[in-house]
Amino acid sequence: MTVPEVWMKYFSIGGAAGEYEIDAYINGSLSLPPFQRDILAHAANELIDQLPARPRAPYSAEVTQRRAVDGREVNGLGAENDPSQRHRRNAGED
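A brief structural summary. Position numbers for residues count from 1 along each chain, tracking the sequence in the order it is written. Whole-chain, interface and lining totals are the exception, using all residues; otherwise, since this is a predicted model, local features are given only for residues with pLDDT of at least 70 and side-chain atom pairs are given and counted only at 80 or more. Side-chain calculation: all heavy atoms of the structure are included, whereas hydrogens and water are not.

### A few points about the overall build of the protein chain
Inference 1: The secondary structure content of the protein chain amounts to 5 helices and 0 strands.
Inference 2: Only DSSP runs of H or I with at least four residues qualify as helices, and only runs of E with at least two residues qualify as strands; both kinds are numbered from the N terminus onward. What you see in the protein chain, going N to C, is helices and strands ordered as α-α-α-α-α.
Inference 3: Within the protein chain, the proportion of its 94 residues that are buried is 17%.
Inference 4: It only takes one pair of heavy atoms within 4.5 Å for two residues to be counted as in contact. Counting only contacts in the protein chain whose residues sit at least 6 apart along the sequence, the fraction spanning at least 24 positions is 38%. Residue burial is assigned from relative accessible area. The probe radius is 1.4 Å, only protein chains are included, and a residue is buried under 20% of its type maximum, exposed over 50%, and partly exposed in between.

### Things to note about the pattern of salt bridges
Inference 1: When a carboxyl oxygen of Asp or Glu lies within 4 Å of a side-chain nitrogen of Lys or Arg, that pair is called a salt bridge. All chains considered together, the criterion is met by 2 salt bridges.
Inference 2: A salt bridge links Glu46 to Lys9; the shortest N-O distance between them is 3.1 Å. Here the residue Glu46 occupies a position in helix 3 (residues 34–50), and Lys9 occupies one in helix 1 (residues 3–12), the gap between them amounting to 37 residues.
Inference 3: The shortest N-O distance in the salt bridge between Glu62 and Arg66 comes to 3.6 Å. One end of the pair, Glu62, and the other, Arg66, are both in helix 4 (residues 60–70), 4 residues apart, so they sit about a helical turn from each other.
Inference 4: A relative accessible area of 37% places Arg66 in the partly exposed class.

### Some words on a nonpolar patch on the surface
Inference 1: Nonpolar side chains (Val, Leu, Ile, Met, Phe, Trp, Tyr) within 5 Å and like charges within 9 Å form the patches, drawn only from residues with over 30% relative accessible area and no salt bridge. Here the accessible surface of atoms and residues is derived via Shrake-Rupley with a 1.4 Å probe, and residues count as covered only by protein chains that are part of the display. Residues Met1, Ile48 and Leu51 make up a contiguous nonpolar surface patch of about 290 Å² in total accessible area.
Inference 2: Tracing the backbone shows Ile48 in helix 3.

### Here's the deal with the packing of helix 1 against helix 3
Inference 1: Where helices are involved, their axes are fitted lines through C-alpha atoms of the stretch in contact, as for all axes, and angles between N-to-C directions lie from 0 to 180°. Contact pair helix 1 / helix 3: the axes reach a minimum separation of 9 Å and the direction vectors enclose 115°. As for the relative orientation of helix 1 and helix 3, their crossing is right-handed in sense. Across the interface between the two elements, Glu5, Val6, Lys9 and Tyr10 of helix 1 pack against Gln36, Ile39, Leu40, Ala43, Glu46, Leu47 and Gln50 of helix 3.
Inference 2: Gly falls in the polar group here, along with every residue not listed as nonpolar (Ala, Val, Leu, Ile, Met, Phe, Trp, Tyr, Cys, Pro) or charged (Asp, Glu, Lys, Arg). Considering only residue class, the contact of helix 1 with helix 3 consists of 6 nonpolar, 2 polar and 3 charged. In this scheme the crossing of two helices becomes right-handed for a clockwise turn of the near helix relative to the far one and left-handed for an anticlockwise turn of less than a right angle.

### Examining the packing of aromatic side chains
Inference 1: Under the pairing criterion, centres of Phe, Tyr and Trp rings, with the six-membered ring standing for Trp, must be within 6.5 Å; the plane angle then separates stacked pairs below 30 degrees from edge-to-face pairs above 60, leaving the rest tilted. All told, the structure shown has 1 aromatic pair when counted by the stated rule.
Inference 2: Relative to Phe11, the ring of Trp7 has its centre 5.1 Å away and its plane inclined at 20°; by these criteria the two rings are stacked. You can see Trp7 and its partner Phe11 sitting in helix 1, 4 residues apart, about one turn around the helix.
Inference 3: According to the relative accessible area criterion, Phe11 is partly exposed, its value standing at 46%.

### Focus: the nonpolar core
Inference 1: Nonpolar core, defined: a set of buried Ala, Val, Leu, Ile, Met, Phe, Trp, Tyr and Cys residues in which side-chain atoms within 4.5 Å join the residues together. With 10 residues, the main nonpolar core is built from Val6, Trp7, Tyr10, Ala17, Ile22, Leu32, Ile39, Leu40, Ala43 and Leu47.
Inference 2: The set of elements that each furnish at least two residues to this core consists of helix 1 and helix 3.
Inference 3: Among the elements that make up this core, the one with the highest residue count is helix 3 (4 residues).
Inference 4: Those residues in contact with Ala43 that sit more than four places away from it in its chain are Val6, Lys9, Tyr10 and Ile13.

So, in structure tokens, the structure goes:
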């Protein structure tokens, strides 16, 4: 998000500060009254809600569970990069 985007959203929902004041507030150079800070927070949260969801890094238990269900690696590495499979290939167990 850019300062102009945040300011435009803030202003459109009733914020009274100008774009330069919002920029200064975001950068820690200016204080805003509590009500204006709340309007700004609301505007920023609305913009955040519009962003596409980002993928989250899986925990080990999730990866293990997916492997058990799918029978494959899900973190971007195929079986050829799985250390346990590499050991089997090196030992001639394939």
